[in-house]
Amino acid sequence: MNGSVPTILVLAGKRDGALDPLAERAGVSHKAVIPVAGKPLIAHVLGKIEEAWGDAKIIVSIHDPHVLDHVSIVRRLREAGRLEIVEAQGGLLDSVDAAARTAEWPLLITTGDNALVTVDALHTINAIGDEKGADAVIGVVSREAIQAAYPYKQKGFYEFRDVAISNCNLFWLRDRSALAAAEPFRGGGQFAKRKGELRRAFGLVSLIRFRFKMDTLDGAMRRLSRRFGVPMAAHLFDDGRLAIDVDNEESFRATEELMAADPSGA
């Protein structure tokens, strides 16, 4: 895959500043450092980023940088001058804004709990913007691909006329102006949990069309491109594992089982 070497932003802060239940169970302050398959959760993510690009700048956004002091890959990448830690802000988009001040563009955004991310997925999301003529790209996976990877019970989906999807916590922005495409996530992006947030983010007409599955996925992206003034695209990955982040007990169990089945994480 082609594409400029991006800066990679890893969002590893606390959602709403609250202690995550998985972190509480593990006796740590941040979910990013809970042990998963024998090492800190964020180490899996950073390992794939390092494998994908040997020279890319990495920014980690976290509320307390000191919780990463014992993570060996963090220490090594910092000593090599490749990794910078910035303090997470009160909201998701505020954290992205703060981290982007020191980024070189394009910016590839993922999360510290995205343990099943692959090198191929990172390369693909970085290249797809140029291929589709987009300034902002979101990675998604179909319901069928996710269920084929792991028989989920709790996973929610966004349903369009042609496909039901979940996101992969993979986002790509061409330049600073593309940050406008992230505006819907200023409140955290918990659309299914916070009534009214979906309407405020996307507008009443788009909400009605979404509720009644009037748009295809690509059609919805074109509509959002017009709303936010940024050419946006969604890339549908085939690998259902990419939508399984470590977010609750079920996804924690799924991640460890899938890692055990494929230790290479190809």
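Fair warning: this is a prediction, and the values are worked out from it, not measured in the lab. (Residues numbered from 1 in each chain as written. Predicted model: local features only at pLDDT ≥ 70, side-chain atom pairs only at ≥ 80, totals over all residues. Heavy atoms only, no water.)

**Q** Would you take a moment to explain the side chain of Thr 110 for this structure?
**A** Mapped onto the elements of the fold, Thr 110 is located in strand β6 (residues 107-111). A distance of 2.8 Å separates polar atoms of two side chains, one belonging to Thr 110 and the other to Asn 114. With residues near it in sequence (within four places) discarded, Thr 110 still touches Ile 8, Leu 9, Val 10, Leu 11, Val 45, Ile 49, Asn 169 and Leu 170. (Helix = DSSP H or I, 4+ residues; strand = E, 2+ residues; numbered from the N terminus. Polar contact = N/O pair within 3.5 Å; in protein donor to acceptor, adjacent residues only side chain to side chain. Contact = heavy atoms within 4.5 Å.)

**Q** Just checking my understanding: could you explain the packing of aromatic side chains for this structure?
**A** Scanning the model with the defined rule gives one aromatic pair in all. Considering the side-chain rings of Tyr 150 and Tyr 152, the 5.9 Å spacing of their centres and the 75 degrees angle between planes classify their relative orientation as edge-to-face. A single burial state applies to Tyr 150 and to Tyr 152, both of which are buried. Stacked on the ring of Phe 252, the Lys or Arg Arg 25 has its end atom at 4.7 Å from the ring centre. (Phe/Tyr/Trp six-rings, centres within 6.5 Å; stacked < 30°, edge-to-face > 60°. Buried < 20%, exposed > 50% of the residue type's maximum accessible area, 1.4 Å probe, protein only. Lys NZ or Arg CZ within 6 Å of the ring centre and 35° of its normal.)

**Q** Could you clarify how one ought to interpret the pattern of salt bridges in this entry?
**A** Close approach of charged atoms lets side chains of opposite charge pair. Scanning the model with the defined rule gives 13 salt bridges in all. Salt-bridge contacts for Arg 174 lead to Asp 130; the nearest nitrogen and oxygen are separated by 2.7 Å. Note that Arg 174 is positioned in the loop between β9 (164-173) and α7 (197-202) and Asp 130 in helix α5 (residues 119-132), a separation of 44 residues in sequence. Across the pair Glu 159 and Lys 213 runs a salt bridge, and its minimum N-O distance is 2.5 Å. Here Glu 159, found in strand β8 (residues 158-159), pairs with Lys 213, found in the loop between α8 (204-211) and α9 (217-228); they are 54 residues apart in sequence, far enough to count as distant. Overall, the relative accessible area of 28% leaves Glu 159 in the partly exposed class. Taking the relative accessible area as the measure of exposure, Lys 213 reaches 38% and is therefore partly exposed. (Salt bridge = Lys/Arg side-chain N within 4 Å of Asp/Glu carboxyl O.)

**Q** How should I be thinking about helix α4 (residues 92-100) in this particular structure?
**A** The α-helix winds at 3.6 residues per turn, so residues separated by three or four positions along the chain end up facing the same way. Three or more residues of α4 are buried, namely Leu 93, Ser 95, Val 96, Ala 98, Ala 99 and Ala 100. Summarising the contacts, the buried residues of α4 are in contact with β1 (7-11), β4 (58-62), β5 (83-87) and β6.

**Q** So what exactly am I meant to see when it comes to the side chain of Thr 111 here?
**A** Mapping Thr 111 onto the fold places it in strand β6. Thr 111 sits in the buried class, given a relative accessible area of 14%. Contacts of Thr 111, omitting those with residues within four sequence positions, involve Val 10, Leu 11, Val 45 and Asn 169.

**Q** Explain the layout of surface pockets to me, please; I cannot follow it from the model alone.
**A** Approximately 250 Å³ is the volume attributed to the second largest pocket. Around the second largest pocket, the lining is made up of 17 residues, and of these His 44, Lys 48, Met 259, Pro 263 and Gly 265 lie nearest the centre. Of all the elements in the fold, those that place two or more residues in the lining of the second largest pocket are α2 (41-52) and α10 (249-261). Here the lining of the second largest pocket gets five residues from one element, more than from any other, and that element is α2. (1 Å grid on protein atoms, 1.4 Å probe; cavity = no way out; pocket = protein on both sides within 12 Å on 5 of 7 lines; lining within 4 Å. Points joined across faces, edges and corners; volume = space filled by probe spheres on them.)

**Q** Is there a simple way to explain the nonpolar core in this structure?
**A** Most often, soluble globular proteins have nonpolar side chains that are buried together. Core analysis: the largest hydrophobic core is formed by 58 residues, its most contacted members being Val 10, Ile 42, Leu 46, Val 60, Leu 68 and Leu 170. Here the element with the most residues in this core is α2; it accounts for seven residues. Not counting the four nearest positions on each side in its chain, Val 60 is found in contact with Val 10, Ala 12, Ile 42, Leu 46, Leu 68, Leu 83, Glu 84, Ile 85 and Val 86. Counting 30 residues, the second largest nonpolar core, distinct from the first, contains Ile 59, Val 96, Phe 160 and Leu 224. (Core = buried A, V, L, I, M, F, W, Y, C linked by side-chain atoms within 4.5 Å.)

**Q** Just checking my understanding: could you explain unusual backbone geometry for this structure?
**A** A negative phi angle characterises most non-glycine residues, just as the trans form characterises most peptide bonds. The omega angle of the peptide bond from Trp 105 to Pro 106 is 5 degrees, so this bond is cis rather than trans. Counting through the fold element by element, Pro 106 comes out in the loop between α4 and β6. At Ala 37, a residue that is not glycine, the phi angle is positive and equals roughly 50 degrees. Here Ala 37 shows up in the loop between β2 (35-36) and β3 (39-40). The exposure class of Ala 37 is partly exposed, given its relative accessible area of 41%. Positive phi, normally seen in glycine, also occurs at Asn 169, with a value near 55 degrees. Inspection of the secondary structure assignment puts Asn 169 in strand β9. With a relative accessible area of 13%, Asn 169 lands in the buried category.

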